[in-house]
Each structure stands twice: as structure tokens, then as C-alpha cells.
Amino acid sequence: MFRKVKKRHSSSSSQSSEVSTKSKVVPDPVEPSGNAVSDTCAEFRVKYVGAIEKLQFEMSKTLQEPLDLINYIDAAQQDGKLPFVPGDEEMILGVSKYGVKVASLDQCDVLHRHPLYLIVRMLCYDDGLGAGKNLLALKTTDAEQQECSIWVYQCSSAEQAQAICKVLSTSFDCALASEKS
């Protein structure tokens, strides 16, 4: 299911881990859930915190490093632009060779789609609220690369957040490997 490629620079710590289109991590394979669709690598239950959409390109350039992105999200939460705690509704976040799809639990309603080629960075980090929850931040751009958006999801644990990042990294690696073929 997963293609083996050469290991590249890994940029992670105990506080955060990230996936960028610039630095790839080759993870151990993560098994898909029992009800995964054939093109889906893995599915995870997450909660949607919120999004900061349509940031101008100049702002996007200042959010290149993981710490910059974390600080921006934190400031947005403090300013009331993003909530600290998500709503109660769980969603299914599916990662595939096409990108990330967020759907309702019954998967009848697709809430967000993030094509792989528009994902700039994905990182996970402790939310700092002491409940052991981790936030998953997804930075995307538009097709013209004029704007970027930041999508924030809450994971149930650090392990779950890191597993999502690993599966997405594998998707990038597979896409890059098939592009070279």
C-alpha cells in the first residue's frame, strides 16, 4: 500500500510535528480504518476548531516556519477570531493520494476538501489547555497562490495528530514518486 522512498530531513519535536511540501518525513505505514474507501489512506475522527481564510500572500510569506504558524493561531484565538475549544460535533478527516477531505460522521456531507497540490504545510502541536488535546493546523493556498488559509482541527491525542501528519507525508511522497515515473 505504501511505497518505500529514501528518508529525508525530519522536522519534529515533542511539542510539534509538521509536514511541509519542502521537507518530507517518511513514516511507518498507518493502517486504514475498517470503512476506508479504496483511495483513502486513512480516516480519523477529529473536531473542527475553525479557519482563518483568505490571508493575503504577503501574510502567507510571514507564516513559513512552524512556530510562526502556531503563534499566529494562538493570537487569533486570543483575539476571538478562532475559538479555543471546538464544537462537540466529530468529523471524519480522510487523507488520500488526492489530499484531505473532512466529512460528517456518516460521510454524507463533505465539509472541506484540501487538494494535495494546494497544501503548503500541516503541523500538529499541544493546544496548551492541559487536557491532552492536540491541534492540527493545515495551511493551504489557492490555485493562483495569491491567498492562503489556515484550517484548525482538534485531535484526541498527540499520537492521532502525528499519525495524520505521517499519512499526509506518505501521500506527498507517493505523489512525488509517481510524478518522477
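See the structure shown above.
Residues numbered from 1 in each chain as written. Predicted model: local features only at pLDDT ≥ 70, side-chain atom pairs only at ≥ 80, totals over all residues. Heavy atoms only, no water.

**A closer look at the overall build of the protein chain**
Each helix and strand counted, the protein chain has three helices and eight strands in total. Helices (α) and strands (β) of the protein chain occur, in sequence order from the N terminus, as β-β-α-α-β-β-β-β-β-β-α. Per-residue burial over the protein chain gives 46% buried out of 181 residues. Considering only residue pairs separated by 6 or more positions, the protein chain has 62% of its internal contacts joining residues 24 or more positions apart. About 9800 Å² of surface is accessible on the protein chain, with carbon and sulfur atoms providing 49% of the total. (Helix = DSSP H or I, 4+ residues; strand = E, 2+ residues; numbered from the N terminus. Buried < 20%, exposed > 50% of the residue type's maximum accessible area, 1.4 Å probe, protein only. Contact = heavy atoms within 4.5 Å. Areas by Shrake-Rupley, 256 points an atom, 1.4 Å probe, with all protein chains shown as cover.)

**Re the pattern of salt bridges**
Under the defined criterion, the tally for this structure stands at one salt bridge. A salt bridge links Arg 45 to Glu 90, with the shortest nitrogen-to-oxygen separation between them at 3.1 Å. Pair noted here: Arg 45 is in strand β2 (residues 40-56) and Glu 90 is in strand β3 (residues 90-96), with a separation of 45 residues, a long-range link. A relative accessible area of 30% places Glu 90 in the partly exposed class. (Salt bridge = Lys/Arg side-chain N within 4 Å of Asp/Glu carboxyl O.)

**A closer look at the state of the cysteines**
Enumeration according to the criterion identifies zero disulfides in this entry. Cysteine Cys 165 shares no disulfide, and the gap to the nearest cysteine sulfur, in Cys 124, comes to 4.0 Å. Given a relative accessible area of 3%, Cys 165 falls into the buried group. (Disulfide = S-S within 2.5 Å.)

**Some thoughts on the nonpolar core**
Residues Phe 44, Leu 93, Leu 136 and Ile 164 are the most contacted members of the largest nonpolar core, which totals 25 residues. Secondary-structure elements contributing two or more residues to this core are β2, β3, β4 (99-104), β6 (119-126), β7 (134-141), β8 (147-155) and α3 (158-180). At seven residues, the largest contribution of residues to this core is made by α3. Those residues in contact with Ile 164, other than ones at most four positions away along the chain, are Phe 44, Val 46, Leu 93, Val 95, Met 122, Leu 136 and Cys 155. One finds Val 49, Leu 55, Ile 70 and Leu 123 within the second-largest nonpolar core, a separate group that totals 16 residues. (Core = buried A, V, L, I, M, F, W, Y, C linked by side-chain atoms within 4.5 Å.)

**Brief notes about the packing of aromatic side chains**
All chains considered together, the criterion is met by one aromatic pair. Between Tyr 48 and Tyr 153, the aromatic rings sit 5.6 Å apart at their centres with planes inclined by 50°, giving tilted as the arrangement. In this pair, Tyr 48 is assigned in strand β2 and Tyr 153 in strand β8, connecting sequence segments 105 residues apart. (Phe/Tyr/Trp six-rings, centres within 6.5 Å; stacked < 30°, edge-to-face > 60°.)

**Focus: the side chain of Asn 134**
Within the secondary structure, Asn 134 sits in strand β7. In terms of polar contacts, Asn 134 uses its side chain to reach the backbone amide nitrogen of Asp 126, at 3.3 Å. Discounting residues that sit within four places of it in the chain, Asn 134 has contacts with Tyr 125, Asp 126, Asp 127, Tyr 153, Gln 154, Cys 155, Ser 157, Ala 158 and Ala 161. (Polar contact = N/O pair within 3.5 Å; in protein donor to acceptor, adjacent residues only side chain to side chain.)

**Observations regarding the environment of Ile 73**
Among the secondary structure elements, Ile 73 is positioned in helix α2 (residues 66-78). Sequence-wise, Ile 73 and Ala 51 are 22 residues apart; in three dimensions their C-alpha atoms are separated by 9.4 Å. Those residues within four positions of Ile 73 in sequence are excluded, and the remaining contacts are Leu 82, Tyr 125, Ala 137, Ile 150 and Val 152.

**Structural notes on α2**
Between its terminal C-alpha atoms α2 stretches 18 Å, which fits the 18 Å expected from 13 residues at 1.5 Å a residue. Just downstream of α2, Gly 80 is the residue with a positive phi angle, here 85°. (Expected span 1.5 Å × (residues − 1).)

**Some points on unusual backbone geometry**
Phi is positive for Lys 54, which is not a glycine, with a value near 55°. With respect to the helices and strands, the residue Lys 54 is situated in strand β2. The class for Lys 54 is exposed, based on a relative accessible area of 57%. Non-glycine residue Gln 107 carries a positive phi angle of around 60°. Residue classification places Gln 107 among the partly exposed residues on the basis of a relative accessible area of 28%.

By themselves these figures say nothing about function.
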